[in-house]
Protein chains: 2
Amino acid sequence: MLKVPCLLVASLWLQLFLCSFLGPVEGGKVLVMPVDGSHWLSMKILVEELSRRGHEMVVLVPDTSVLIQGSDTYTTRSFKVPYTKAELDGSMKKLQERIIKAPEFSDLFENIIGLLSFTSMQVKGCESLLYDEALMQELREKRFDLMLTDPFLPCGPIIGKAFSLPAVYFLRGLPCGLDLDAAQCPSPPSYVPRLFSDNTDVMTFPQRVKNMLMTGLEGILCKVIYSSFDELTSRYLKKDVSYRDVLAHAAIWLNRFDFTFEYPRPGMPNMVKIGGINCAKRKPLPADLEEFVDGSGDHGFIVFTLGTFVSEMPESKTQEFFKAFRQIPQRVLWRYTGVTPKDIPENVKLLKWLPQNDLLAHPKAKVFITHGGSHGIYEGICNAVPMVMIPLFGDQRDNVNRMVVRGVAESLNMYDLIAEKLLMAIRKVLNDKSYREKITKLSLIHKDRPIEPLDLAVFWSEFVMRHGGAKHLSPAAQHLNWVQYHSLDVFGFLLLVLTIVVFISVKTCMFCVRKCFRRTPKSKKE
Amino acid sequence: MLKVPCLLVASLWLQLFLCSFLGPVEGGKVLVMPVDGSHWLSMKILVEELSRRGHEMVVLVPDTSVLIQGSDTYTTRSFKVPYTKAELDGSMKKLQERIIKAPEFSDLFENIIGLLSFTSMQVKGCESLLYDEALMQELREKRFDLMLTDPFLPCGPIIGKAFSLPAVYFLRGLPCGLDLDAAQCPSPPSYVPRLFSDNTDVMTFPQRVKNMLMTGLEGILCKVIYSSFDELTSRYLKKDVSYRDVLAHAAIWLNRFDFTFEYPRPGMPNMVKIGGINCAKRKPLPADLEEFVDGSGDHGFIVFTLGTFVSEMPESKTQEFFKAFRQIPQRVLWRYTGVTPKDIPENVKLLKWLPQNDLLAHPKAKVFITHGGSHGIYEGICNAVPMVMIPLFGDQRDNVNRMVVRGVAESLNMYDLIAEKLLMAIRKVLNDKSYREKITKLSLIHKDRPIEPLDLAVFWSEFVMRHGGAKHLSPAAQHLNWVQYHSLDVFGFLLLVLTIVVFISVKTCMFCVRKCFRRTPKSKKE
């Protein structure tokens, strides 16, 4: 009945055209503190766009950086970290091994240990940056207008606070909901599932009990996970503030999700949804890849990646994948960085790096085998490719649940993955038309939006620069403590008043009753 | 340092240009059930824009309509109401008198009686429409794609539900927060002030206690205010549903406010902020008005309106205004529909109708004297004109508080208004530069937005038509009752478990202690 709003899309392109015609908005100075790895890949898109619009972008990069590299479009400023690249690689290798071999993903403690071991090294790197006084002085003198940072690690928010810069946070979400807590965003445990709970937004009574217990556990987890963050924050800022207190001063939270992925839940005025920011821009495929995928005929091809961390695996596991791939007519493109395994099937091509979004955008892409990182998921949604998902660690299992419950993906465990299970999942997703239909519908809804996520992120970053923050969007709840926010003091007071009123009433009644009883015998005597 | 995003504004115009160039999106059929009076004035803008974009708009109009009139851009379908225009006018006249003479605005019961007397007549009109079977059958057969309605009165939402149409609600807010309740939007009483509470978003402990008591009172008020709505809803739909249950199925809530007016508070994914939708389009002034305001010289002029309801007042009150106006060099334009009063000062012009927004947009507009309706306030904000506010009834006092606390307005009471007080307020707003500075800043922030409110309203109306709703934005909380939503059953269960555990532990301890004590005497004996 109604067509997709081509006009709004056309308007976006015209806006881009206009920008280049009229020239960018007068430039601001932006200090960028990213988090290495996949986190950087989507933030980079915003950094490049802001740079293109005439802002001076200074990106702080640890000298052991994996994915953050120099560029023509932005300035990088390297800082020393107290560990070598080899030590970092070793730590990541250990994490990989733990991930592949872990018998049970849902093991909460396994996940927390993984998270702690990953962040503890990074926090040390962060400390090293903060106490590099020459560099900090140099940065302070630059008089930046904005701190653009990923609050997954504490450096950016702490520097923002130390320099009194308005901060824009770029994130999918923080462990144990620290972002929601800091933004004073309600998150009712009755329908907002907690991380690692395996719940969806529709819960049975036992699931709601579990969710409530997980909510309580989050409070304790927060203390553990963020203890080093809190210590560094209060030590560096020389006052008794927690990391949460620093985050609470966010001007804008750029949330890298929307409601085709996340379950609908409350938001705050300074939270802006930019889910799908990573898959807006498509480039043509390199010639060799184009030839490979074109040669897949009507059967099409499968894209297979397990994210930044896990791009190799034990030979025995690899052979299970090969065994399954040999039994399907589709071609397979697999991002694989380890030692080249033996007996690679003819229909499989291993590559050290894949243009994932461009491949998924190809009309012959049939299935996307992925670990369930939020970036990959959005590339699957944008390009309407149904998924076979193998969650590994962190929020991935929760992400995967969100896709499975929408009927656009099948889920597998890496630990007990064998060729038969993989084959069954791939065939199910390939042959059951509902997966393709549902992801197509989800993709249409995701892309049917009044403004593109990148434009929204640019707008709010520039808004914060123009107005020195976004105070009109910050809730007054920021001035309340936990007891006040939940009105527990008010309830206590009202309960006290009620008790006193009831007490006085009862006493008065008893007094009256006693009076009456005294009189009765008297009158009898009379 | 950074300029206002002229590019985004330019892009809007280009979008409009594009729309006319490429032609509108393929047309849908929209049934519109507005609320008469000022409510219609802003909804009309959306109705006309949707019509311009090729949608068939059918507007239901009571045959006693005050402001809703026929138009070339949309179809009107008149329906009979069981009262005459004279009776309606009489009822409104009574309301006016009560408003002007009421000794104390904040009298909650006065307000509720006013609200009930206004809605009870309208609900009868609504009933008359619902039970006009021929008309309802005719409408049903039109197979509309969307119900666009103002849920201030129940007809629209009930028809939407009866016809199984996805509904877009257009509103500022509903009495006693029924809209927030239906949308499952959290509204913590610790910092979200309740209607008639006179609180801001920053409250002292006593104010928070008052706000909590008002929250409790709202529950009772809701029962009273919406009892006739509930009765009509369940009777017409022939099942046990309340008006709130019907509202809960909203696809999109178009909220006619933003956070330059409202205090920052949580929102839901299907709530879209379109504050300021009524002041985007400006037209040149009629020649006689242009001449009058141009002749005001450097002193400029004052715009004075008290809304749709109150456009006349007792002679004695009018003379108090005149007395004040005689003492200022500014010219005054006053919307006044009653009998022409005597001794009109030379600098005052009375008019039956004012192009309020176009006048406020004039560079010589110095002060806006207004009752604090949300439409007028947004016209004040858009055009950066500081205000002298005389709240009359409904949400106006709360609206006025929001402007006063931002330092862009002075507030007066109609009951005890005398020339001296009015004069003092006008002079304060004219001479103290902070009012002008603050409203200019507020206006800049209000207009610095990624997409215009009208475009946003159009987008989401069309989105709902394209996808038959916006289910992906509807929270799963809709399936929970009050006890479940607040996890009271879960708390109860956990408390029970805790009690049992404590009971068993205590019993076990006591058993052990008893055992120990028994043994001791024995061993002593031995």
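- In the annotation of an unreviewed UniProt entry, chain A is listed under the name UDP-glucuronosyltransferase and assigned to Tachysurus vachellii.
- In its Catalytic activity (unreviewed entry) section, UniProt records this for chain A: "glucuronate acceptor + UDP-alpha-D-glucuronate = acceptor beta-D-glucuronoside + UDP + H(+)".
- In its Sequence similarities (unreviewed entry) section, UniProt records this for chain A: "Belongs to the UDP-glycosyltransferase family."

Observations concerning the overall build of chain A
- What chain A contains, in helices and strands, is 20 helices and 13 strands.
- The dimensions of chain A, computed from C-alpha atoms along their principal axes, are 115 × 60 × 55 Å.
- Counting every position in chain A, which comprises 526 residues, the buried fraction comes to 56%.
- Excluding contacts between residues fewer than 6 apart, the proportion of contacts in chain A whose partners are at least 24 apart in sequence is 67%.
- As displayed, chain A offers around 23,000 Å² of accessible surface, 59% of which is attributable to carbon and sulfur atoms.

Some thoughts on a positive patch on the surface
All names here are of chain A.
- Residues Lys507, Arg514, Lys515 and Arg518 make up a contiguous surface patch of positive charge.
- In this structure, arginine 518 sits in helix α20 (residues 488–525).
- With relative accessibility at 61%, the residue arginine 518 sits in the exposed group.

Observations regarding the sheet that holds strand β4 (residues 146–149) of chain B
Residue and element names in this part refer to chain B.
- Here we have 7 strands laid out as an open sheet, ordered β3-β2-β1-β4-β5-β6-β7, and parallel in their pairing. Edge positions in the sheet fall to β3 (75–79) and β7 (271–273), since each of these pairs with one other strand and no more. Strand-to-strand twist across the sheet, computed as the mean angle between neighbouring axes with direction ignored, equals 20°.
- In this sheet, strand β5 (residues 167–171) lies alongside β4 in parallel orientation, the contact comprising 3 bridges.

Description of the packing of aromatic side chains
Residue and element names in this part refer to chain A.
- Overall, the coordinates contain 42 aromatic pairs over all chains when judged by the stated rule.
- On the basis of an interplanar angle of 75° and a centroid distance of 5.2 Å, the ring pair of phenylalanine 229 and tyrosine 243 is categorised as edge-to-face. Residue phenylalanine 229 is located in helix α9 (residues 227–237), and its partner tyrosine 243 is located in helix α10 (residues 243–247); the two are separated by 14 residues in the primary sequence. Judged on exposure class, the residue phenylalanine 229 and its partner tyrosine 243 are both buried.

Digging into the sheet that holds strand β8 (residues 301–305) of chain A
Residue and element names in this part refer to chain A.
- Read across the open sheet, the 6 strands follow the order β10-β9-β8-β11-β12-β13; overall the sheet is parallel. Strands with a single pairing partner mark the edges of an open sheet, and in this sheet they are β10 (348–351) and β13 (409–411). Between one strand axis and the next, the sheet turns through 15° on average, direction left out of account.
- One ladder, built from 4 bridges, connects β8 with strand β9 (residues 331–335); its direction is parallel. Note on β9: the bridge partner recorded for valine 303 is leucine 333.
- Together, β8, β9 and β10 form the strand contacts of helix α11 (residues 287–294), whose direction differs from that of β9 by roughly 145°.

Looking at helix α5 (residues 133–141) of chain A
All names here are of chain A.
- Within the sequence span of α5, burial applies to Leu135, Met136 and Leu139. Looking down the long axis of α5, one finds its buried residues gathered within 100° of arc, a one-sided arrangement. Facing away from the buried surface of α5 by more than 90 degrees, the exposed residues are Glu133, Ala134 and Glu141.

Quick notes on the side chain of Thr370(B)
Residue and element names in this part refer to chain B.
- Residue placement: threonine 370 occurs in strand β11 (residues 365–370).
- At 3.2 Å, the side chain of threonine 370 forms a polar contact with the backbone nitrogen of glycine 372.
- Apart from the residues within four sequence positions on either side, threonine 370 is in contact with Thr305, Leu306, Met387, Val388, Met389 and Ile390.

Structural notes on the pairing of strand β9 (residues 331–335) of chain B
All names here are of chain B.
- Most of β9 sits out of view: 4 of its 5 residues are buried.
- As defined by bridge partners, β9 adjoins strand β10 (residues 348–351) across 4 bridges and the pair is classed as parallel. Within β10, the position partnered with leucine 333 by the bridge is lysine 349.

Definitions and limits used
- Residues numbered from 1 in each chain as written.
- Chains lettered and ligands numbered in written order.
- Predicted model: local features only at pLDDT ≥ 70, side-chain atom pairs only at ≥ 80, totals over all residues.
- Heavy atoms only, no water.
- UniProt positions renumbered as here; feature names shortened; annotations may be inferred.
- Helix = DSSP H or I, 4+ residues; strand = E, 2+ residues; numbered from the N terminus.
- Buried < 20%, exposed > 50% of the residue type's maximum accessible area, 1.4 Å probe, protein only.
- Contact = heavy atoms within 4.5 Å.
- Areas by Shrake-Rupley, 256 points an atom, 1.4 Å probe, with all protein chains shown as cover.
- Patch = residues over 30% accessible without salt bridge, like charges linked within 9 Å, V, L, I, M, F, W, Y side chains within 5 Å.
- Salt bridge = Lys/Arg side-chain N within 4 Å of Asp/Glu carboxyl O.
- Lys, Arg positive; Asp, Glu negative; His and termini not counted.
- Charge placed at Lys NZ, Arg CZ, Asp CG, Glu CD.
- Pairing = 2+ DSSP bridges.
- Axes fitted to C-alpha atoms, helices over the stretch in contact; angles between N-to-C directions.
- Phe/Tyr/Trp six-rings, centres within 6.5 Å; stacked < 30°, edge-to-face > 60°.
- Arc of directions from axis to C-beta.
- Polar contact = N/O pair within 3.5 Å; in protein donor to acceptor, adjacent residues only side chain to side chain.

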